[in-house]
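Structure at a glance
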Amino acid sequence: MNFLSYIIWDVSPDIFIIPFINHPLRWYGLSWALGFIISQQIMYFIYKREGRSVTEIDTLTTYMVVATIIGARLGHVLFYNPIHYFQNPLKILAVWEGGLASHGAAIGIFIGTYLFARKTKVAYLWILDRLAIVVAFTGCCIRLGNLMNSEMIGLPTDLPWGFVFTSEDNLPRHPAQLYEAIYCLTLFFLLFWVWNKYRTKIQNGFIFNWFLIILFTLRFIDEFFKISQEAFEDDMLLNMGQILSIPLVLAGVVILVMNRRKEKLV
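If you're wondering where the values come from, they're calculated on a predicted model, not measured in any experiment. (Residues numbered from 1 in each chain as written. Predicted model: local features only at pLDDT ≥ 70, side-chain atom pairs only at ≥ 80, totals over all residues. Heavy atoms only, no water.)

So, on to the packing of helix α1 (residues 27–50) against helix α5 (residues 124–148). Packed helix pairs are characterised by how far apart their axes lie and by the angle those axes make with each other. For the pair α1 and α5, the least separation of the axes is 8 Å and the interaxial angle reads 160°. Comparing the axis directions of α1 and α5 gives the class roughly antiparallel. α5 is crossed by α1, and the crossing has right-handed handedness. Grouping the constituent residues of the contact of α1 with α5 by class yields 18 nonpolar, six polar and two charged. (Axes fitted to C-alpha atoms, helices over the stretch in contact; angles between N-to-C directions. Helix = DSSP H or I, 4+ residues; strand = E, 2+ residues; numbered from the N terminus. Parallel < 35°, antiparallel > 145°, perpendicular 65-115°, else oblique. Left-handed = near helix turned anticlockwise from the far one by under 90°. Nonpolar A, V, L, I, M, F, W, Y, C, P; charged D, E, K, R; others polar.)

Right, dumping it as structure tokens:
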């Protein structure tokens with residue numbers, strides 16, 4: 001095998017060891033943090049352009065951080081390994097050991113946003129439209145963190161952009177995390193452009209419904225290039241990531257149809 005044809009990925013997941021506590025600062029954690037910090041600044045910009053009070057953003061950020069982490073963790077627990085965690089309930093709290101599910105994070109965000117919208121008296125779909133923009137950006141950051149961790153790797157490939165994850169084996173594989181990071185970043189720019197150009201002309205929910213349809217359709221496709229996260233998925237026609245993506249795509253279609261009907265009634 002000619003490794004010169006492929007990308008050798010032997011990056012350490014640790015940036016450096018934090019003095020005194022002897023614990024590593026990891027690229028994955030930094031990616032999460034940067035995703036939230038930069039997204040918060042983007043939301044400041046959006047709120048200023050919309051003429052809304054930016055003080056709401058600090059509250060919104062708190063809701064989103066808590067909802068995302070809890071949702072992602074519980075999603076992993078319930079969707080991928082419930083028996084293990086029910087037998088070892090304290091392990092549910094051990095987030096540092098890994099195990100966060102993006103579909104669980106999505107559910108957490110829906111709930112957290114609803115609670116925020118009710119508290120601040122803002123239209124639920126209005127805030128989901130704006131959040132969809134920054135969630136796409138944060139998703140890109142998190143998937144880059146997965147790449148630095150050499151996790152969520154793809155199936156073997158002979159394509160010239162295959163990655164050899166040396167911590168796993170010597171096979172060139174699809175960089176499925178990188179695929180997802182790229183389409184999340186592309187979606188971020190697309191949604192931001194739509195908001196910036198058409199926000200006064202579109203109904204609440206328009207950006208959000210296309211976010212759901214595009215993101216989770218691409219996620220469904222991307223799963224064909226990944227190895228299974230858990231052994232039980234090996235014998236399934238569709239893996240868990242694909243099964244969980246379907247209702248989110250359908251939710252986007254429902255919102256789209258409802259908005260079209262409203263337009264006809266006007």
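Tallied over the full model, the rule gives one cavity of 30 Å³ or more. The space that makes up the largest cavity amounts to roughly 40 Å³. The wall of the largest cavity is formed by Tyr-80, Glu-223, Lys-226, Ile-227, Ser-228, Gln-229, Glu-233, Asn-239, Met-240 and Gly-241. Counted by class, the lining of the largest cavity contains three nonpolar, four polar and three charged residues. (1 Å grid on protein atoms, 1.4 Å probe; cavity = no way out; pocket = protein on both sides within 12 Å on 5 of 7 lines; lining within 4 Å. Points joined across faces, edges and corners; volume = space filled by probe spheres on them.)

Attention now goes to the sheet that holds strand β5 (residues 172–173). Within the open sheet, the three strands sit side by side as β1-β4-β5. Their pairing is mixed. Since the sheet does not close on itself, it has two edges, and those belong to β1 (7–9) and β5, each with one partner. Here β1 pairs with strand β4 (residues 163–165) via three bridges, running parallel. Paired with Ile-7 across the strands is Phe-163, a residue of β4. (Pairing = 2+ DSSP bridges.)

Before going further, it helps to spend a moment on the nonpolar core. Met-43, Leu-60, Ile-127 and Phe-211 are the most contacted members of the largest nonpolar core, which has 41 residues in total. Taken together, the elements giving at least two residues each to this core come down to α1, α2 (55–80), α4 (102–120), α5, α6 (176–198), α7 (206–222) and α8 (240–265). Ranked by the residues each element gives to this core, the list is headed by α5, at eleven residues. Setting aside its immediate chain neighbours within four residues, Leu-60 contacts Met-43, Phe-116, Ile-127 and Leu-131. If you look at the next biggest cluster of nonpolar residues, it comprises six residues, including Leu-147, Ile-153, Phe-163 and Phe-165. (Core = buried A, V, L, I, M, F, W, Y, C linked by side-chain atoms within 4.5 Å. Buried < 20%, exposed > 50% of the residue type's maximum accessible area, 1.4 Å probe, protein only. Contact = heavy atoms within 4.5 Å.)

Moving on, we get to the pattern of salt bridges. Taken as a whole and assessed by the stated rule, the structure comprises eleven salt bridges. A salt bridge links Arg-26 to Asp-14; its shortest N-O distance comes to 3.0 Å. Placement of Arg-26 in strand β3 (residues 23–26) and of Asp-14 in strand β2 (residues 14–18) is noted, with a sequence separation of twelve residues between them. Using a relative accessible area of 35% as the deciding quantity, one classes Arg-26 as partly exposed. A salt bridge links Arg-130 to Glu-50; its shortest N-O distance comes to 2.7 Å. Linking Arg-130 in helix α5 with Glu-50 in helix α1, this pair joins segments that are 80 residues apart in sequence. Each of Arg-143, Glu-180, Arg-219, Asp-222, Glu-223 and Lys-226 takes part in one network of salt bridges that share partners. (Salt bridge = Lys/Arg side-chain N within 4 Å of Asp/Glu carboxyl O.)

The next point concerns the pairing of β3. Examined bridge by bridge, β2 and β3 share four bridges and lie antiparallel to one another. Within the sheet, the bridge partner assigned to Ile-18 lies in β3 and is His-23. Count of turn residues in the β2/β3 antiparallel hairpin: four residues, of which Phe-20 carries a positive phi of about 75°.

Moving on: the confidence of the model for the chain. Atom-level detail of predicted coordinates should not be read off regions where pLDDT is low. Residue-level pLDDT values for the chain average 90, and 96% of them are 70 or greater. Per-element averaging of pLDDT across the chain places β3 at the bottom with 82 and α6 at the top with 97. (pLDDT = per-residue confidence, 0-100.)

Despite not being glycine, Lys-121 has its phi angle at roughly 65°, a positive value. Its location among the elements puts Lys-121 in the loop between α4 and α5. Phi angles above zero are rare outside glycine, and Met-152 is one such case at about 55°. Note that Met-152 resides in the loop between α5 and β4.

Below, the discussion takes up the layout of surface pockets. In this structure, the second largest pocket spans a volume of roughly 220 Å³. Forming the walls of the second largest pocket are 15 residues, and the residues nearest its centre are Ala-67, Ile-70, Gly-71, Gly-108 and Ile-111.

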